[in-house]
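Listed here are the chains, written in short residue letters.
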Amino acid sequence: MTEWRPPFALVGAWLGLLVLLALTVTLAYVPLGAANAVVALGIGTIKAGLVAAIFMELRHRSGLTLIFAGAGLFWLGILLWLGSMDFLTRT
Amino acid sequence: MSDKNYLTTDYTLRSWFLTTDHKRIAILYFASLIFFFFIGGAAATAIRIELATPQADLVSSDVYNRLFTMHGIIMVWFFLIPSIPNTLGNFVVPLMIGARDLAFPRLNLMSWYIFMLGGCITLFAILAGGVDTGWTFYTPFSTLYSNSYVIVAAAGIFIAGFSSILTGLNFIVTIHRLRAPGLTWYRLPLFLWSLYATSVILVLATPVLAITLLLMATERFFGVGIFDPRIGGDPLLFQHLFWFYSHPAVYIMILPGMGVINELVSCFSRKQVFGYKFVAWCSLAIAAVGFLVWGHHMFVSGQSLIASLVFSFMSFIVAVPSAIKVFNWTATLHKGSIHFDAPMLYALAFIGLFTIGGLTGLFLACLAYDVHATDTYFVVAHFHYIMVGGMVTAYFGGLHYWWPKITGRLYSEYWARTAAVLIFFGFNLTFFPQFILGAEGMPRRYHVYPPEFQVWNVLSSGGAAILAVAYLMPLFYLGYSAFFGRRAPANPWNAPGLEWQTSSPPPEFNFASQPVVTRAPYQYNEHFQAEPQNA
């Protein structure tokens, strides 16, 4: 038997993601009106941050790696922003 | 001097197919791309023969649909996108930065295998069952009506995409980490700036194409409502995702071409590139703004007017850095000591053809004109001027420029110049009439047309015949030179770049000792003012 145990940070992040998932599902059934989407997106952002920082280990990386990771996120944002702008302004 | 170079270190097939030498991998890519180029070219030939008459004389409508799809898919994904980065880039990037190899040599070899796997799968789909969706795979045609080979072809492209991503990653890391001492960012050759910008696009955009093709397959096989509005999908989503990759893909094609032109214009004018920093940053600006303009492919798709206005505006913006480059090349030529060697003829052809392609792009960026010109031959002519007149011409220019370095042999200047002039003439005769056809309203992707369009089509097909001969010529004189040409000196063009400081062809590990860079690029001072030696 090996004595290896998963690092606390990984387990913690995993548990955190599960809690956030439960929160997302629960809040989806709470009638918050327009705030439902905002809350869901907010929780989604926290989840993505956890994955990036802990699982992708970006918290230990150099500035250059962070710039490239950020660039990916930025371009994804552009895709979503301009793509949704079309959808939201269609007549 | 030892005769050992990267070509003569080992002659076995194993040494080629398991090599991790960037130069040999470049040759593997080169051979593969010639193969794909001639398959795509054969389809183009059949298309132009069919269009020489207004009736359907040669092929049925179904076969015609398969032909132009095959032409588009092969040329875009298996020739234009990998051509300059994977052949010329692979060969010269480590040489230009004074490195022994790329940062990840085995990943580089894997990229080639992945590329070939994707290419073979796509080719199988095209030849076995045929794909008739056009290279864009627009839904709902691709998800509801076309045969299942469309998914096989998409799978091949999906796989080939990984090759692009890995190559881009390799270049980015190499340029960041393996530059020779003294080679600061502002001392980098502009070809490397352009390849760096291209690599950023490859890494950021290609995953979106992969996801799009995966979603297409998911909808087709499992009926998940992604694009089909009857089951809850968005009919425009496919086009948004597809063009988010495919418009930047145009810059994947043209940016490396621009990079090659910087090298050629500077070398054969014996002058420093005018406005080096502007040209360098314009590459990055084009890469960045190129991500904001995909909606100009969708002006008549039903997207909102507000979105169309934003995309139209951004399309004009992206023309600015492109125009800066053209102005800087002409300023570099000004008062230069110009030598009309074959690479320079290609460079001059590029500047002319790219300018026409770019300016007609502005026509299409105008909402009102685009509505008239969408899906006509005007669009076909425009993008061929950019992608073939621009990129392929630059590729040929770069190939001739670095040929002595790659093979260690000199080619026949006479035949090379003749081919360059014929390509320029044949290209214009092929595609300029298509602007007129498009303006008069001839739609693309039709194999029968009203007789009044025939005269322009005959001109275009005649030009295509000249172009085909001109594209075949280098196969013969470069092929001949590779085996029987005069031995090339280390620096036949008398150029100051690092790649010319080692022997031709280079030794296996490029440089006998680590070069150190002490000056800015393109310093054609008195030391490098002598004539090129190939003339």
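Calculation notes
Residues numbered from 1 in each chain as written. Chains lettered and ligands numbered in written order. Predicted model: local features only at pLDDT ≥ 70, side-chain atom pairs only at ≥ 80, totals over all residues. Heavy atoms only, no water. Helix = DSSP H or I, 4+ residues; strand = E, 2+ residues; numbered from the N terminus. Buried < 20%, exposed > 50% of the residue type's maximum accessible area, 1.4 Å probe, protein only. Contact = heavy atoms within 4.5 Å. Lys, Arg positive; Asp, Glu negative; His and termini not counted. Charge placed at Lys NZ, Arg CZ, Asp CG, Glu CD. Buried area = accessible area lost by both parts, 1.4 Å probe. Salt bridge = Lys/Arg side-chain N within 4 Å of Asp/Glu carboxyl O. Polar contact = N/O pair within 3.5 Å; in protein donor to acceptor, adjacent residues only side chain to side chain. Axes fitted to C-alpha atoms, helices over the stretch in contact; angles between N-to-C directions. Parallel < 35°, antiparallel > 145°, perpendicular 65-115°, else oblique. Left-handed = near helix turned anticlockwise from the far one by under 90°. 1 Å grid on protein atoms, 1.4 Å probe; cavity = no way out; pocket = protein on both sides within 12 Å on 5 of 7 lines; lining within 4 Å. Points joined across faces, edges and corners; volume = space filled by probe spheres on them. Nonpolar A, V, L, I, M, F, W, Y, C, P; charged D, E, K, R; others polar. pLDDT = per-residue confidence, 0-100. Phe/Tyr/Trp six-rings, centres within 6.5 Å; stacked < 30°, edge-to-face > 60°. Core = buried A, V, L, I, M, F, W, Y, C linked by side-chain atoms within 4.5 Å.

**Digging into the overall build of chain B**
Then step 1. Along the backbone of chain B there are 15 helices and 2 strands.
Then step 2. Structurally, chain B occupies a C-alpha span of about 70 × 45 × 45 Å along its principal axes.
Then step 3. Expressed as a percentage of the 535 residues in chain B, the buried residues total 61%.
Then step 4. When contacts within chain B are restricted to residue pairs at least 6 apart in sequence, those whose partners lie at least 24 apart make up 83%.
Then step 5. Side chains of chain B carry 26 positive and 22 negative charges; the gap between the two charge centres is 13 Å.

**Observations concerning unusual backbone geometry**
Residues and elements named next belong to chain B.
Then step 1. Cis peptide bonds are those with omega within 30 degrees of zero, and the linkage from Thr139 to Pro140 qualifies with 0°.
Then step 2. Mapped onto the fold, Pro140 is located in the loop between helix 4 (105-128) and helix 5 (141-145).
Then step 3. If you check the backbone angles, Asp375 has positive phi at about 60° while not being a glycine.
Then step 4. With respect to the helices, strands and loops of the structure, Asp375 is situated in the loop between helix 12 (367-373) and helix 13 (377-407).

**Observations regarding the interface of chain B and chain A**
Then step 1. The partner chain A presents 14 residues to the 22 residues of chain B that form the contact.
Then step 2. Between chain B and chain A, the buried area comes to about 1500 Å², and carbon and sulfur atoms account for 80% of it.
Then step 3. Between the two partners, chain B and chain A, sit 1 salt bridge.
Then step 4. When the shortest N-O distance is used, the salt bridge between Asp234 of chain B and Arg90 of chain A registers 3.2 Å.
Then step 5. For the pair chain B and chain A, the number of links is 4 residue pairs in polar contact (both at pLDDT 80 or more).
Then step 6. Elements that contribute at least two residues to the side of chain B that touches chain A include exactly helix 6 (149-177), helix 7 (190-222), helix 8 (237-269) and helix 10 (305-333) of chain B.

**Describing the packing of helix 9 (residues 276-289) of chain B against helix 10 of chain B**
All names here are of chain B.
Then step 1. Packing of helix 9 against helix 10 brings their axes to within 9 Å, and their N-to-C directions diverge by 155°. By the angle class used here, helix 9 and helix 10 are roughly antiparallel. When you trace helix 9 past helix 10, the crossing you get is left-handed. Residue-level inspection shows Phe278, Val279, Cys282, Ser283, Ala285, Ile286 and Val289 of helix 9 in contact with helix 10, the latter providing Met314, Ile317, Val318, Pro321, Ser322, Ile324, Lys325 and Asn328.

**Focus on empty space enclosed by the protein**
All names here are of chain B.
Then step 1. A full pass over the atoms with the stated rule returns 2 cavities of 30 Å³ or more.
Then step 2. Approximately 120 Å³ is the volume found for the largest cavity.
Then step 3. Every residue lining the largest cavity is counted, 16 residues in all, and those nearest its centre are Trp77, Ile81, Pro82, Ala160 and Ser164.
Then step 4. Each pocket or cavity is described by its volume, and for the second largest cavity that value is around 70 Å³.
Then step 5. At the level of secondary structure, the elements contributing two or more residues to the lining of the second largest cavity comprise helix 2 (22-50), helix 3 (61-97) and helix 13.
Then step 6. At 4 residues, helix 13 tops the list of elements feeding residues into the lining of the second largest cavity.
Then step 7. Considered class by class, the residues forming the lining of the second largest cavity number 9 nonpolar, 1 polar and no charged.

**Let's talk about the confidence of the model for chain B**
Residue and element names in this part refer to chain B.
Then step 1. Averaged over chain B, the pLDDT score is 93; the fraction of residues at 70 or greater is 98%.
Then step 2. The element-level mean pLDDT for chain B is lowest in helix 5, coming to 89, with helix 14 (residues 413-440) highest at 97.
Then step 3. Taken together, the chains of this predicted complex give a pTM of 0.92 and an interface ipTM of 0.79.

**Overview of the packing of aromatic side chains**
Residue and element names in this part refer to chain B.
Then step 1. Counted by the stated rule, this structure contains 57 aromatic pairs over all chains.
Then step 2. With 6.2 Å between their ring centres and 65° between their planes, Phe124 and Tyr149 make a pair best called edge-to-face. Of the two residues, Phe124 sits in helix 4 while Tyr149 sits in helix 6, which places them 25 residues apart along the sequence.
Then step 3. Take Tyr149: its relative accessible area is 29%, and that puts it in the partly exposed class.
Then step 4. On the numbers, 5.3 Å between centres and 40° between planes, the contact of Phe396 with Tyr471 is tilted. Taken together, the residues Phe396 in helix 13 and Tyr471 in helix 15 (residues 454-484) connect sequence positions 75 residues apart.
Then step 5. Taking relative accessible area as the criterion, Phe396 reaches 7% and is therefore assigned buried.

**Thoughts on the environment of Leu80 of chain A**
Then step 1. Counting through the fold element by element, Leu80 of chain A comes out in helix 3 (residues 63-89).
Then step 2. Along the primary structure Leu80 of chain A and Gly70 of chain A are separated by 10 residues, whereas in three dimensions their C-alpha atoms are 15 Å apart.

**A word on the nonpolar core**
Side chains that are nonpolar tend, in soluble globular proteins, to be buried together.
Residues and elements named next belong to chain B.
Then step 1. Membership of the largest hydrophobic core comes to 182 residues, with the highest contact counts inside it found for Trp77, Phe137 and Trp402.
Then step 2. With 21 residues, the single largest contributor to this core is helix 3.
Then step 3. With sequence-adjacent residues up to four places away left out, Trp77 is seen in contact with Gly72, Pro82, Phe115, Trp135, Phe137, Ile157, Leu209, Phe242 and Tyr245.

**Some details on the packing of helix 2 of chain B against helix 4 of chain B**
All names here are of chain B.
Then step 1. Packing of helix 2 against helix 4 brings their axes to within 10 Å, and their N-to-C directions diverge by 15°. Considered as vectors, helix 2 and helix 4 are oriented roughly parallel to each other. Judged by the sense of rotation from one axis to the other, the crossing of helix 2 with helix 4 is left-handed. When helix 2 is examined against helix 4, the residues His22, Ile25, Leu28, Tyr29, Ser32, Leu33, Phe35, Phe36 and Ile39 are found in contact with a partner set consisting of Pro105, Asn108, Leu109, Ser111, Trp112, Phe115, Met116, Gly119 and Leu123.

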